[in-house]
Amino acid sequence: MDEPCSALDPIATAQVEELIDELRESFSVVIVTHSMQQAARVSQKTAFFHMGIMVEYDETTKIFTNPTDQRTQDYITGRFG
């Protein structure tokens, strides 16, 4: 899914996120998003790409709390992007 909630209101976003949660019980769901909040809410694994190169891939909680790569940390904290 590419930015599945980019232009939705909070109620519709919650409904899409509930659907994603239901689907992941039977399917792998890949989401591309710029929304750090949404990525943290709906994913178990996160990959951070910069300029077409995968910088880091790990458990979502690790990526958002203790990333290995400084570029990931800089993006998550809003230093660039």
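Treat the numbers as computed from the prediction; the structure is a model and nothing was measured. (Residues numbered from 1 in each chain as written. Predicted model: local features only at pLDDT ≥ 70, side-chain atom pairs only at ≥ 80, totals over all residues. Heavy atoms only, no water.)

I keep staring at the pairing of strand 1 (residues 45-50) and nothing clicks. Help me out?
A regular strand places its side chains so that they alternate between the two faces of the sheet. Bridge count between strand 1 and strand 2 (residues 53-59): 6 bridges; the pairing is antiparallel. Its bridge partner being in strand 2, A47 is matched across the sheet by Y57. Once strand 1 ends, the chain turns through 2 residues before running back antiparallel as strand 2, passing M51 with a positive phi of about 55 degrees. (Pairing = 2+ DSSP bridges. Helix = DSSP H or I, 4+ residues; strand = E, 2+ residues; numbered from the N terminus.)

Sorry if this is basic, but what is going on with the pattern of salt bridges here?
Oppositely charged side chains are able to pair whenever their charged atoms sit close together. One pass over the structure, following the stated rule, counts 5 salt bridges. For the salt bridge of D21 with R24, the shortest nitrogen-to-oxygen distance reads 2.6 Å. When its relative accessible area of 35% is taken as the criterion, R24 is described as partly exposed. The residue R71 makes a salt bridge to D69 at a minimum N-O spacing of 2.9 Å. (Salt bridge = Lys/Arg side-chain N within 4 Å of Asp/Glu carboxyl O. Buried < 20%, exposed > 50% of the residue type's maximum accessible area, 1.4 Å probe, protein only.)

When you look at the packing of aromatic side chains in this model, what are you seeing that I'm missing?
For any pair of aromatic rings, the description rests on two quantities: the centre-to-centre distance and the angle between the ring planes. Counted under the stated rule, the structure contains 2 aromatic pairs. Every member of this aromatic cluster is reached through a ring pair, and the members are F48, Y75 and F80. (Phe/Tyr/Trp six-rings, centres within 6.5 Å; stacked < 30°, edge-to-face > 60°.)

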